[in-house]
Amino acid sequence: MEDKKVLFSAIQPSGILTIGNYLGALRNFKKLQSDYNSIFSVADLHTLTVKQDPAVLRKNTYELTALYIACGINPDESILFAQSHVPCHAELTWILNTVTYPGELSRMTQFKDKSLKHEDNINMGLMDYPVLMASDILLYQTELVPIGADQKQHLELTRDLAIRFNNRFGETFKVPEGYFAKNGARVMSLCEPERKMSKSDANENAFISMNDDPATIVRKFKRAVTDSDNRIVCDENKKGITNLLTIYSAFTDKTIEEAEKEFEGKGYGEFKVRVGEAVADVIEPIRQEKNKLLQSKDYLDSVLKSGAERAQYVAYKTLNKVYKKVGLVPRIRG
Ligand code: ATP
Ligand code: LTN
């Protein structure tokens, strides 16, 4: 790998991605990829923390791989791989578990939210999720982690674990920094604008999926929850309109002020259609490209295979160092 800093990020194949995932994560991956040694993962092991239909999980893994490429991730330049294909991730998780306290995990917001949402399946994996995420990041001596705002707490824990391990066993891990999108780090639900847009929302009208066609996108925006006054401005008390303005400005690369000016005196109806069209203009070519890539499973398999080989090479270096530091006899490979 070239002598650049390492960037790592991952997305779960837990469903079809939304424009929240796109603005908060994917879009920035493309912008940043050539300035770093970039590594992107399909976090399939994370997805198992919530009940999955095995066939659907497999399909979503290919969908996400294709979507990464359709969004501009170049698998020859960057490393693109499935987390489960590189065993070091699960192995480092075990070691990091021995320096993590249960209290640190039980107070994570995502753990609390998901425990409420999946009351019938509160499992150890759900609680340990942030330690697996820390392993993903620390294995590659990562310096930059582009993520949405909801993952900030997990990144803080990653930093704490890296520092704790380094203090206890000597310098081993780089301590990573987060990268948050200026616009779109937290896209809200179209139906309940006080909650984040999530691909696993039971209500399909709450999110715009990267698989939605232009007509569906416009229809969903037309139904988006707003308010009863008629001003198109960002305001604490106008969460729905603020969310739509944020989405519009992110998709058109205009500032919020420019967008507010553009829609001054216009009605909500017209505004919503314009937001939908702006989103569809960007999403539609990506959707088409992704569907084309999905026709070629062999190609996607070859991308994942070569990605896993390249990732494993880097990850093993860190894992061997860790095993040595904690007193395990390093295994002889080959
Ligand atoms: P799930 O609903 O299954 O928990 P999710 O939609 O939250 O999943 P993840 O796979 O957990 O998606 O997240 C992938 C990336 O997308 C992360 O960097 C996350 O911060 C970002 N992200 C997720 N939702 C949003 C959102 N509404 N706005 C901005 N970024 C988001
Ligand atoms: N937990 C993340 C996905 C994820 C991730 C990572 C992001 C798994 N491992 C490592 C950045 C770095 C999420 O977005 N829910």
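As shown above, the structure is provided for reference.
Residues numbered from 1 in each chain as written. Chains lettered and ligands numbered in written order. Predicted model: local features only at pLDDT ≥ 70, side-chain atom pairs only at ≥ 80, totals over all residues. Heavy atoms only, no water.

Visitor: Can you help me understand the environment of K317 in this one?
Guide: Here K317 shows up in helix 13 (residues 297–326). Owing to a relative accessible area of 53%, K317 belongs among the exposed residues under this scheme. Spatially, the C-alpha atoms of K317 and R231 are 57 Å apart, while their sequence positions differ by 86 residues. (Helix = DSSP H or I, 4+ residues; strand = E, 2+ residues; numbered from the N terminus. Buried < 20%, exposed > 50% of the residue type's maximum accessible area, 1.4 Å probe, protein only.)

Visitor: How should I be thinking about the site of ligand 1 in this particular structure?
Guide: Around ligand 1 lies a shell of 21 residues, among which K114, D150, K196, S198 and S200 are the nearest. Residue K196 places a side-chain N or O atom 2.4 Å away from an oxygen atom belonging to ligand 1. Here M197 contributes a backbone N or O atom positioned 2.9 Å from a nitrogen atom of ligand 1. Coverage of ligand 1 by the protein chains reaches 96% of its 610 Å² of free accessible surface. Looking at the shell around ligand 1 element by element, the count peaks at four residues for helix 1 (residues 19–32). Counted by class, the shell around ligand 1 contains six nonpolar, ten polar and five charged residues. (Near = heavy atom within 4 Å. Polar contact = N/O pair within 3.5 Å; in protein donor to acceptor, adjacent residues only side chain to side chain. Areas by Shrake-Rupley, 256 points an atom, 1.4 Å probe, with all protein chains shown as cover. Nonpolar A, V, L, I, M, F, W, Y, C, P; charged D, E, K, R; others polar.)

Visitor: When you look at the pairing of strand 3 (residues 79–82) in this model, what are you seeing that I'm missing?
Guide: Successive side chains on a regular strand alternate, one facing one side of the sheet and the next facing the other. Residues of strand 3 alternate between two faces, with I79 and F81 on one and L80 and A82 on the opposite face, all of them buried. Strand direction decides the pairing type here: strand 2 (residues 37–42) and strand 3, joined by four bridges, are parallel. Across the sheet, residue S41 finds its bridge partner in strand 3, namely F81. (Pairing = 2+ DSSP bridges.)

Visitor: Please clarify how the site of ligand 2 should be interpreted in this entry.
Guide: Lining the immediate environment of ligand 2, one finds 13 residues, of which H46, Y129, M133, D136 and Q151 sit closest. Y129 places a side-chain nitrogen or oxygen 2.6 Å from a nitrogen atom of ligand 2. A distance of 2.6 Å separates a nitrogen atom of ligand 2 from a polar side-chain atom of D136. When the free accessible area of ligand 2 is taken as 360 Å², the share hidden by the protein chains comes to 91%. Where the shell around ligand 2 is concerned, the elements lending two or more residues are strand 1 (6–11) and helix 7 (124–138). For the shell around ligand 2, the leading source of residues is helix 7, giving four residues. Considering only residue class, the shell around ligand 2 consists of eight nonpolar, four polar and one charged.

Visitor: What am I meant to see in the packing of aromatic side chains here?
Guide: Where two aromatic rings form a pair, the distance of their centres and the angle of their planes describe that pair. According to the stated counting rule, one finds ten aromatic pairs in the structure shown. Taking 4.8 Å as the distance between ring centres and 20° as the angle between the ring planes, the aromatic pair formed by F29 and F40 counts as stacked. Placement of F29 in helix 1 and of F40 in strand 2 is noted, with a sequence separation of eleven residues between them. The pair formed by F29 and F40 is uniform in burial state, with each residue classed as buried. Taken together, the aromatic side chains of F8, F81 and Y140 make up a single cluster linked through ring pairs. Over the face of the ring belonging to F180 we find K152, whose NZ or CZ atom lies 5.1 Å from the ring centre. (Phe/Tyr/Trp six-rings, centres within 6.5 Å; stacked < 30°, edge-to-face > 60°. Lys NZ or Arg CZ within 6 Å of the ring centre and 35° of its normal.)

Visitor: Quick question: what am I supposed to make of the pairing of strand 1 here?
Guide: The buried fraction of strand 1 is high, at five of six residues. Sheet analysis places strand 1 next to strand 2, joined by six bridges and oriented parallel. Bridge pairing links I11 to V42 in strand 2. Each parallel crossover has a hand, and the one from strand 1 via helix 1 to strand 2 is right-handed. (Right-handed = clockwise from strand over helix to strand, strands pointing away.)

Visitor: Help me understand the pattern of salt bridges, please; the structure alone is not making it clear to me.
Guide: Any two side chains of opposite charge can pair if their charged atoms end up close together. Counted under the stated rule, the structure contains 20 salt bridges. With a shortest N-O distance of 3.5 Å, R159 and E177 are connected by a salt bridge. You can see R159 sitting in helix 8 (residues 152–169) and its partner E177 sitting in strand 5 (residues 177–179), a full 18 residues away along the chain. Ionic pairing is found between E309 and K305, a salt bridge with its closest N-O pair at 3.5 Å. (Salt bridge = Lys/Arg side-chain N within 4 Å of Asp/Glu carboxyl O.)

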